[in-house]
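# Inside the fold
Here are the chains, one letter per residue:
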Amino acid sequence: MVGPRRQTSGSHGQEGVPVTLIIEAVILGILTGSVYALMSSGLTLIFGVMDIINIAQGILVILGAYLSYTLEKYLHIDIMLGLLVTIPTLFLLGMGIEWAFMRRIRRDRVMISILVTFAVALVIEGLLNFIFTANYVQLQAPYVDATIPVFGFYLPYIYVFAFILSVVLLTLLYFLVYRTKFGFGLRASMQDRTAAALIGIDVERVQTITFGIGVALAAAGGMVFGATSPFNAATSYDLISRLLVIIVLGGMGSLRGALFASIGMLIISDVTDVVWSPVWASTVFFALLIVLLLFRPRGLYGRLEGRKQ
Amino acid sequence: MVRSTVAISKLFSACIVIVLMLTILEACSSSSTTNNSTQAGPIVIGASIANSGDFSADGKPTEQGYQLWADTINKQGGLLGRQVRLDLVNDNSTPEGVTTAYQKLINVDHVNLVVGPFADLTAVAAAKVAARSGYALVEGSGTAVAVFQQGLDNIFSVSLSAKNYMVSFAEYILSLPAGQRPKTAAYATQDDPFLIPQLDGARALLEHGGIKTVAYLKYPAETSDYTPYAQRVIASGADLVLLGTFTPDSIAYVKAFKQQHYNPKAIIAASGPDQGSQFTGPLGGTKVAEGIFVPNGGWFAGISTYQNDQFQRDYIAKFGGTAADISSDTVQAYSVMQVLTQAVNKIHSIDNAKLKQELHSDAFDTLQGPVKFAPDGENTTAVAFLFQWQNGNLIPVYPQNHAQANPEYPKAQWPSS
C-alpha cells in the first residue's frame, strides 16, 4: 500500500504540532471513544436500573477479551464472528451473578454492591490468572493490523469496525430501552422500583435481564479492547477507573451521557497528548471534569432527582 | 456491687498479666527464630511476590527463580546443612502491599532471611521494613538510581544498575561511521524510576555524540492507551527511537509504528522485546520483531557464567520449554539466591548483621556475572549487553566479545500484513 507519509529522517521538531496529528487524535478519539461508550453503557445501565456500581465491569471486559482469544486461538473462530458466542455467554454469566449475589442486597445497595462486585472481580481475576497466566496476549485477525490511508495517516481497520460495531450495538440498546415493552419496564424501574412493581412490572426479572445485558456489552467491548491493546487480567484496573470516570461525567444511569462522555474524554485526552504533553492529558481532563461537576453535579445527562427508595 | 467490682478488677489484672506473658514469649520466640543459625529445622526465606496487580506478569517468573533455587539447594543437602523453605506472600504490586508483606514475614512469620520483591519502588519499601529489624535485603530488580539514594545500608542489588542499561546501545550507535550515523532521536518513556534513568543515560551520550533530540515524552505509568504517544514519536520522524517501556507498551508502539509505516533506522525498548513469545505473540510473529534492540542486564542462554548450565537444565526439567523461554526476572531472582548462598556459606551463619558485613565486603558470582556491592548497594561490576531480534531469535550483538552476529542496521522494512 502506498502511504501518504512516513519513513524516517525527521523533518518535524518539538516546536510545532502537525495539523494531521491533531486530526488523527480527534478521529481516533471518536473511534475509540465509541468503544468505551459500549463498555460504559453496560455499567451505567446497571446503575440506572439497580443502584449497583458494578466494579467487576472492568474484569468482565477482560473476560470477554479472553473468551474471544480462546475462540480465536483454539477454535480458529474469527474474533468478530466469535461475538455470537461470547455475547450470549456473558449475558448468561451476568444473569447468574445477579441471581447469586446482587439480588441478595436489600439495603445500602450502592455501598454493598461495590464490595460484592469487587469480590466478584477478584475471583474472576484469580481464575483468569490461573487459566491464562499473567502473560500479555492480544487478539489477532487480518484486519487488526491492516490500515487505510485517511487525512494523511493510516487508520487501522479494526478501529473502523469497532466504531461500526459500537454504533450497531448502542442503536440496538436504544431501541430495546425506548421502543420495547421490556424497555418500558426497565425505564419504569429506573424511575421508581416500588411504583414499577405496583403497576405489575416484574422488577426482579427486569433487573436480572438488565444485569445480563450490561455484562453482555462487556463481551463486545472486550473483543475490541483485546484487538487494540495487549492485555492480561491486571489490565482491568485501569479500565474500570476509566469507565467509572465516564459514567460520572456522563451522568450516572444515562446512556446518552455515557456515549458523549466517552467520546469527549478520549478526544480531550488524545488531543492534549499530542498538542501539549501526555503528563497533562489526565490533568486537563480531570480539571474539566471538576469544573463541569461544580456546575452540573449530576454530570452531563444525570437525572435531576436522585432515586429515593 | 463491691464484690462484682473486685471480680472485674481481678479479671482485668489477670488479662494484663496474660498479655504481658504473651508479649515476652513473642519477643523470645522472635529473637530466637530470627538469628539463631544453630537451631534445627528449615531455614525460612521470605519474599513478597507480585501475583496480582501491575507487575503480575513479572511475579510468576520471579517466584520461579526463587523456587528453582530452593529445590536445587535442598537436593544438594540444603543451606548450612539445613533444608530451605520459602515463605512467599502476595504484595499486589504496590509499595503498601510490600510493606505489609515484609512486616508479616519478619514480625509474624519470623523468617530467617528476606529477599526482594519485583520492581524498584517495592524493593525500597521492602528494604525499609527490613532495615527496621536489622535484616539484609538482597534483591534483583530494584536497580533505579533512586533505590541507591535512600541512605539504606541493607539493600544489595545483584543486577545491572538501570542507568547503564542503554549505554551499550548508545556506544554502538556512536561507533557507526559518520555517514551511517543517525542524526535525530526520539525518546518516549513511562514515568518509572527504572525506565527514565535508562533513557536519560543514553540521551546524554547520544546528544554528546551529536544526535539531536527531536521528541522526548514522559507518560503516566498507569495508562493503557499508548496510541497518542506513538503518534507523537511517529510525527517526529526521528531516525532512532528509544522507548522506556514494559511489555504492553513496547507491543503497542511496535504495532503502531508498523501500522503507520514508520520505520526508523533503529528501535530499542527497555523491556518487552526480551519477553520472548509474550512480545512476539501479540505482534503476530517474530518477523515483526526483526531488528528491534533490547538491552540486557548480563544473562543469556549461551553465556558462560556461574552455574548457568545447571540453572538452564534445572529450569527446563522443572518448568519445561527451552532456555529461550527463561525470563530475565527468573534469572535475577536466581542470582539473588546465588549471592545469598555464597555469603551465608562464607560466614557460616544466617545472622543478618554478619550477613550485611559480608555482602558489603566480598565479591560474588551469579548467572548475570560478577557482583561487587558499593556502599549504597549498587552492583558496580555488571556489564550491559545489547540484544537484537534477528531471523526469529533474540541474540547478543554488542559488545563484540559476546556478539553472536553483527547488529542489523539500519532496521529492515516491516513485513507486509
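Residues numbered from 1 in each chain as written. Chains lettered and ligands numbered in written order. Predicted model: local features only at pLDDT ≥ 70, side-chain atom pairs only at ≥ 80, totals over all residues. Heavy atoms only, no water.

### Remarks on the overall build of chain B
Across its full length, chain B carries 13 helices and 14 strands. The C-alpha atoms of chain B give a radius of gyration of 24 Å, which matches the 22 Å a tight globule of 417 residues would have. Dimensions along the principal axes, computed over C-alpha positions, put chain B at roughly 95 × 55 × 40 Å. Counting every position in chain B, which comprises 417 residues, the buried fraction comes to 59%. Partitioning the intrachain contacts of chain B with sequence separation of at least 6 by distance along the chain shows that 69% fall at a separation of at least 24. (Helix = DSSP H or I, 4+ residues; strand = E, 2+ residues; numbered from the N terminus. Rg over C-alpha atoms; globule rule 2.2 N^0.38 Å. Buried < 20%, exposed > 50% of the residue type's maximum accessible area, 1.4 Å probe, protein only. Contact = heavy atoms within 4.5 Å.)

### Focus on the overall build of chain A
Helix and strand counts for chain A stand at twelve helices and two strands. Counting from the amino terminus, helix and strand elements in chain A follow one another as α-α-α-α-α-β-β-α-α-α-α-α-α-α. Its C-alpha atoms give chain A a radius of gyration of 20 Å, within 12% of the compact-globule value 19 Å for 309 residues. For the C-alpha atoms alone, the extent of chain A along its principal axes is close to 70 × 50 × 35 Å. Sequence separation of at least 24 residues holds for 78% of the intrachain contacts in chain A that already meet a minimum separation of 6. For chain A, the accessible surface area stands at approximately 13,600 Å², while carbon and sulfur atoms represent 71% of it. Taking the average location of the 20 positive side-chain charges in chain A and that of its 16 negative ones, the two points are 11 Å from each other. (Areas by Shrake-Rupley, 256 points an atom, 1.4 Å probe, with all protein chains shown as cover. Lys, Arg positive; Asp, Glu negative; His and termini not counted. Charge placed at Lys NZ, Arg CZ, Asp CG, Glu CD.)

### Topic: the interface of chain A and chain B
Contacts between the two partners involve 47 residues from chain A and, on the opposite side, 49 residues from chain B. In this assembly, chain A and chain B are joined by one salt bridge. For B:Lys255, the salt bridge goes to A:Asp145, with nearest N and O atoms at 3.5 Å. Joining chain A to chain B, the criterion identifies ten residue pairs in polar contact (both at pLDDT 80 or more). (Salt bridge = Lys/Arg side-chain N within 4 Å of Asp/Glu carboxyl O. Polar contact = N/O pair within 3.5 Å; in protein donor to acceptor, adjacent residues only side chain to side chain.)

### A short note on the pairing of strand β1 (residues 43-49) of chain B
Residue and element names in this part refer to chain B. Burial of β1 is extensive: seven of the seven residues sit out of reach of the surface. Of the two faces of β1, the one lined by Ile43, Ile45, Ala47 and Ile49 and the one lined by Val44, Gly46 and Ser48 are each fully buried. With helix α2 (residues 56-75) bridging β1 and its parallel neighbour strand β2 (residues 84-90), the resulting β-α-β unit is right-handed. Across two bridges, β1 lies against strand β3 (residues 113-115) in parallel orientation. Residue pairing in the sheet places Ile45 in a bridge with Leu113 of β3. (Right-handed = clockwise from strand over helix to strand, strands pointing away. Pairing = 2+ DSSP bridges.)

### With respect to the packing of helix α1 (residues 19-50) of chain A against helix α7 (residues 227-236) of chain B
Running from N to C, α1(A) and α7(B) point in directions that differ by 160°, and their axes come no closer than 11 Å. Looking at the two axes, α1(A) sits roughly antiparallel to α7(B). For α1(A) against α7(B), the interelement crossing comes out right-handed. Contacts between α1(A) and α7(B) involve A:Leu21, A:Glu24, A:Ala25 and A:Leu28 on the former and, on the latter, B:Thr227, B:Gln231, B:Arg232 and B:Ala235. (Axes fitted to C-alpha atoms, helices over the stretch in contact; angles between N-to-C directions. Parallel < 35°, antiparallel > 145°, perpendicular 65-115°, else oblique. Left-handed = near helix turned anticlockwise from the far one by under 90°.)

### Looking at the pairing of strand β9 (residues 266-269) of chain B
Residue and element names in this part refer to chain B. Side chains Ala266 and Ile268 of β9 all project onto a buried face; the interleaved residues Ile267 and Ala269 project onto the opposite face, where all are buried too. Note: strand β8 (residues 240-244) against β9, four bridges, orientation parallel. By the bridge assignment for β9, Leu242 is matched with Ile268. Once you follow β8 into helix α8 (residues 247-259) and on to β9, the crossover reads as right-handed.

### With respect to the environment of A:Leu244
All names here are of chain A. You can see Leu244 is positioned in helix α10 (residues 236-250). C-alpha of Leu244 to C-alpha of Thr44: the two residues are 200 residues apart in sequence and 8.9 Å apart in space. Other than its neighbours up to four places away in sequence, Leu244 contacts Leu43, Ile53 and Ile55.

### A closer look at a nonpolar patch on the surface
Residues and elements named next belong to chain A. A grouping of Val123, Leu127, Phe130 and Ile131 is seen on the molecular surface, where their side chains present a nonpolar patch of about 470 Å² in accessible area. Relative to the elements of secondary structure, Leu127 occurs in helix α4 (residues 109-132). You can call Leu127 partly exposed: its relative accessible area is 47%. (Patch = residues over 30% accessible without salt bridge, like charges linked within 9 Å, V, L, I, M, F, W, Y side chains within 5 Å.)

### A word on the sheet that holds β1(B)
Residues and elements named next belong to chain B. Strands sit in the order β2-β1-β3-β4-β5 across an open sheet of five strands; the sheet is parallel. If you trace the sheet from one side to the other, it starts and ends with β2 and β5 (155-157), each paired once. Strand after strand, the sheet turns through a mean of 25° between neighbouring axes, direction not considered. As paired elements, strand β4 (residues 137-139) and β5 share three bridges and run parallel to each other. Bridge pairing links Val138 to Phe156 in β5. Across the sheet, α2 touches β1, β2 and β3, and the angle it forms with β2 is around 165°.

### Observations regarding the packing of aromatic side chains
Each aromatic ring pair is described using two quantities: the centre-to-centre distance and the angle formed by the ring planes. Overall, the coordinates contain 31 aromatic pairs over all chains when judged by the stated rule. Three or more aromatic residues joined by ring pairs form one cluster here, namely B:Tyr219, B:Tyr226, B:Tyr229, B:Tyr253, B:Phe257 and B:Tyr262. The lysine or arginine in question, A:Arg104, covers the ring of A:Trp99, its NZ or CZ lying 5.2 Å from the ring centre. Taking NZ or CZ as reference, B:Arg203 lies 5.8 Å from the ring centre of B:Tyr187, over its face. (Phe/Tyr/Trp six-rings, centres within 6.5 Å; stacked < 30°, edge-to-face > 60°. Lys NZ or Arg CZ within 6 Å of the ring centre and 35° of its normal.)

### Remarks on the pattern of salt bridges
Scanning the entire structure with this criterion turns up nine salt bridges over all chains. Close ionic contact of A:Arg242 with A:Asp238 constitutes a salt bridge, the shortest N to O distance being 3.9 Å. Of this pair, A:Arg242 and A:Asp238 both sit in helix α10, separated by four residues, roughly a single helical turn. On the basis of relative accessibility, which here comes to 15%, the residue A:Asp238 falls in the buried class. Its salt-bridge partner being B:Asp71, residue B:Lys318 comes within 2.8 Å of it at the nearest N-O pair. Residue B:Lys318 is located in helix α11 (residues 308-319), and its partner B:Asp71 is located in helix α2; the two are separated by 247 residues in the primary sequence.

### What to know about the environment of B:Val371
Tracing the backbone through its elements, the reader meets B:Val371 in strand β12 (residues 369-372). Separated by 231 residues in sequence, B:Val371 and B:Gly140 have C-alpha atoms that sit 11 Å apart.

### Description of the side chain of B:Thr189
Residues and elements named next belong to chain B. Mapped onto the elements of the fold, Thr189 is located in strand β6 (residues 184-190). Under the relative-accessibility criterion, Thr189 is labelled buried at 0%. Here Gly244 takes part through its backbone oxygen, which lies 3.5 Å from a polar atom of the side chain of Thr189. Setting aside residues up to four positions removed in sequence, Thr189 forms contacts with Leu195, Ile196, Leu199, Tyr216, Leu217, Lys218, Tyr219 and Gly244.

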